Each structure stands twice: as structure tokens, then as C-alpha cells.
Amino acid sequence: MGKIMKLTINNVEVTIKSGMTVLEAAQSAGIYIPTLCADPDLEPYGACRLCVVEIDNMRGLPTACTTPAASGMVVRTETPAIHSVRRTALELLIADHNADCLVCGKNQNCELQKIAAYMGINELSFPKTTRKVAVDTSNPFFDVDRNKCILCARCVRTCNEITCVGAIDLANRGYNMKVATFGDGLLFDSICQSCGECMVRCPVGALSLKNCVTPDSEVETTCPYCGTGCSMILGVRDNRIVSVRGNRRGGANGGKLCVKGRFGISEFVHSPERLTTPLIRKDDKFEKASWDEALELIASKMAKYQPQEIGVVSSSRATNEANYVTQKFARAALGVNNVDNCARV
Ligand code: SF4
Ligand code: SF4
Ligand code: SF4
């Protein structure tokens, strides 16, 4: 366990474990500091300059997200000097932001919206920029709208630090800076694996789901695709799965998901092509059969073989219980130890 230390934030004594940043110390005490580039899963970055604070005996206005908290520190998060710097940084972001909130996938979940409201921005001191670049719609699951990008680099850092793919980076400098793939091509043509981890961390609508539907209830479950056992939260509306998000409490995944779990659930669950009865091949055609018919057919075919001629392959997409019963069936009913499961790889 880390060393316990005390510091003062806004005249409140805060007790924390060593190793925390000033931002984390404030958050642990319920003190809000606005930020757009910080993410609890990513290394501190200090790009958006919104989390600036005042710290006794420290020059200027350091960023809370990159400053390690220290014992005895005296921190202030709301002063006229801080407001002035924050407001300028935020107004510059908004001036270069193509806001279209009502038709934006992040409406109501947008961190820029929330901070603009928190800061009471109702007019800008800077002229709005007019650039308009084409939206990259090549990815089947989410769009890349650089007109809404605030260059926080959360997506780039996610792709490097979490997904370890490195499909995107910040290209160019100054006003021309943008999130780009290698060679500045479409995301779909890059090495992107469509995991969507960048999208869920984008604070604005620059990376947003193509078909965004708000669920009316949520259900916690385990991804059925592979043996990792990622915990996920399914959003449900009208008895249909309309959203999927990683569960941060999931021991196997800590909230992260791959492309299959994040984007591949709803379609197959609700597919009209799903099998609902066993099928038996007759004259090269599949015909619907009852479970009794199917099981009797399998049993009669298995009876023609010696136990050692039979192998049983189970599935990591089945539950632990189903896998347990399958190996038990092989060993106890068939009398063979030829048992395998794709989760082994
Ligand atoms: S990113 Fe946020 S501020 Fe921008 S259009 Fe979307 S909801 Fe509005
Ligand atoms: S979807 Fe995944 S692989 Fe693709 S850019 Fe985003 S984080 Fe990287
Ligand atoms: S696309 Fe989103 S996450 Fe990436 S830099 Fe732009 S605003 Fe940040």
C-alpha cells in the first residue's frame, strides 16, 4: 500500500496515497477540476490546459493532471487567474469546433458541452473558424469527424497505450494538426482493428457511433465470444440490445472490449438467421428436427465407433458449466479422454 499523505485543496485537508496526481487527489475528495485530455486509463498528458491550478511555492499555473501531489501542498482550483486561463483555453477550443449538438452522437454525453456550461460560456472573444473537412465514414462502426476534434490525443494515446496498435497519430503542426492514420488514408484502410477503445474515450463527437440509440435499461453480462470472459454492460431498449460498453469492474478486461464484444453482439443476437431448432441433413438439405430426433441420431452414429476413435471439442463461447458437463460426458459416458477446447490456445 502506498504511503499516506495529506495536502490542502481549497482549504480542505485531503488524505491520499502517494503516487497520485493533484487532479486525482482533488477527484478523490470530490473536488471538480475541468479537464478534457485526462483519462484514468491513460498516462497524464497536460494538453488541454483546463486543469490548471495554483500551488503555493510553485511558479505559474501548473496542470493538475501532470503534477504529482506532495505532502503539505497547498492547492487552489478556483481563482480569477485560473478562470482567465481556463476560459481562454476553452474559448479557443470552441471557436475551432464545429458544434452541431442536436445531431451529434455525443449530445448530452459531451465533455465539451459540460465544461462550457460549467464555465458559463455564452459568448466567444474569438472569431469562429470556418474550415470543414470530410467526415471519414469508412469504419463500419464509428465515424471520424475532425471538424469536432479538440486534439486532446486521447484516441492516439489509447491506441498506443491500451490497444498497442498505433493506428493513428497527431499529424502536422499548428492549425493544420489533426488525428491521422499512417499516410493520411481512411481509417478502414489502416491497421485499425475497430476495437472502438478510442471512440469511447473521445470526449466529444469527433469519434462517435454510427447508430447511437440511448437504452432505457442496462444488463450486466459476460461476452460470449471467446474464453477471456470480458464483463460488459448491455443497453436494452424495446427488448433489443442497442448498446454495449465494457464493465470497469470486470476482472478480465477492466472495462476494455475488442471489436467482437463491442460491435458484434446485437447483430447476431437479433439475427433472423439464428438457428432455433436442430437441423438434420437429408439428401444434402438441412431439415428441421426435434431435439429428441437429433440426439438419437448422434447417439446411433457414435455407437458405431470405439471410444478412442471419438474426440470431443468444446467451446470457449459456452459457459463453464456447459464445458464441465461436456468433458464429463466424454470421460464418464463415452469413456475417452480426447477432450479439447479452443480456449486452450
Ligand atoms: S462534440 Fe459536443 S459540443 Fe460538439 S457538436 Fe457534439 S455534442 Fe455539441
Ligand atoms: S478502433 Fe482501436 S485500433 Fe482502431 S484506432 Fe481506435 S484504438 Fe486504435
Ligand atoms: S478524435 Fe476525439 S479523442 Fe481524438 S484527439 Fe480528437 S477529440 Fe481527442
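Preceding block: the structure.
Residues numbered from 1 in each chain as written. Chains lettered and ligands numbered in written order. Predicted model: local features only at pLDDT ≥ 70, side-chain atom pairs only at ≥ 80, totals over all residues. Heavy atoms only, no water.

Spatially, the three strands line up as an open sheet ordered β9-β10-β11, and their pairing is antiparallel. Here the strands that pair on one side only, and so sit at the sheet edges, are β9 (217–222) and β11 (240–246). Averaged over all neighbouring strand pairs, the angle between strand axes comes to 30°, with direction disregarded. Of the strand pairs in this sheet, strand β10 (residues 231–237) and β11 are connected by six bridges, and their pairing is antiparallel. (Pairing = 2+ DSSP bridges. Helix = DSSP H or I, 4+ residues; strand = E, 2+ residues; numbered from the N terminus. Axes fitted to C-alpha atoms, helices over the stretch in contact; angles between N-to-C directions.)

Turning next to the nonpolar core. In terms of nonpolar packing, the biggest core is built from 36 residues, with Leu36, Leu90, Leu112, Phe142 and Leu207 touching the most fellow members. Secondary structure elements with two or more residues in this core: α2 (80–95), α3 (111–118), β5 (142–144), α4 (154–161), β6 (168–171) and α5 (197–201). Element by element, the count of residues in this core is highest for α2, at four residues. With residues up to four places along the chain from it excluded, the contact list for Phe142 reads Leu187, Gly196, Cys198, Met199, Leu207, Ser208, Leu209, Lys210 and Phe263. Counting 19 residues, the second largest nonpolar core, distinct from the first, contains Leu23, Ala26, Ile55 and Met73. (Core = buried A, V, L, I, M, F, W, Y, C linked by side-chain atoms within 4.5 Å. Buried < 20%, exposed > 50% of the residue type's maximum accessible area, 1.4 Å probe, protein only. Contact = heavy atoms within 4.5 Å.)

Tracing the chain through its elements places Asn139 in the loop between α3 and β5. Judged by its relative accessible area of 2%, Asn139 is buried. In this structure the side chain of Asn139 is engaged in a polar contact, spanning 3.2 Å, whose partner is the backbone nitrogen of Phe142. For Asn139, the side chain forms a polar contact with the side chain of Ser194, separated by 2.9 Å. If sequence neighbours within four positions are ignored, Asn139 has contacts with Leu187, Phe188, Cys192, Ser194 and Lys210. (Polar contact = N/O pair within 3.5 Å; in protein donor to acceptor, adjacent residues only side chain to side chain.)

By secondary structure assignment, the location of Arg146 is in the loop between β5 and α4. A residue is classified by how much of its surface remains accessible, and Arg146, at 21% relative accessible area, is partly exposed. Distance from Arg146 to Thr228, taken between C-alpha atoms, is 34 Å for residues 82 residues apart in sequence. When residues no more than four places from it in sequence are discounted, the contact partners of Arg146 are Val133, Asp136, Lys178, Val179 and Ala180.

For Leu151, which is not glycine, the phi dihedral falls at a positive 55°. Relative to the assigned elements, Leu151 resides in the loop between β5 and α4. For Asn239, which is not glycine, the phi dihedral falls at a positive 60°. For Asn239, a relative accessible area of 70% puts it in the exposed group.

Of all residues adjacent to ligand 3, which total 13 residues, the nearest are Cys149, Cys152, Ala153, Cys155 and Cys202. Split by residue class, the shell around ligand 3 holds twelve nonpolar, no polar and one charged. (Near = heavy atom within 4 Å. Nonpolar A, V, L, I, M, F, W, Y, C, P; charged D, E, K, R; others polar.)

Next up on the list: the pattern of salt bridges. Tallied over the entire structure, the rule returns 20 salt bridges. As a salt-bridge pair, Glu54 and Arg76 come within 3.2 Å of each other at their nearest N and O atoms. Taken together, the residues span a long stretch of sequence, with Glu54 in strand β3 (residues 54–55) and Arg76 in strand β4 (residues 74–76) at a distance of 22 residues. For Arg76, a relative accessible area of 30% puts it in the partly exposed group. Residues Glu197 and Arg201 are paired through a salt bridge, measuring 2.6 Å at the closest nitrogen-oxygen approach. One end of the pair is Glu197 and the other is Arg201, both in helix α5 and four residues apart, which spans about a single turn. (Salt bridge = Lys/Arg side-chain N within 4 Å of Asp/Glu carboxyl O.)

Our focus in this paragraph is the site of ligand 1. Lining the immediate surroundings of ligand 1 are His97, Ala99, Asp100, Cys101, Cys104, Asn107, Cys110, Gln113, Lys148, Val204 and Gly205. Considering only residue class, the shell around ligand 1 consists of five nonpolar, four polar and two charged.

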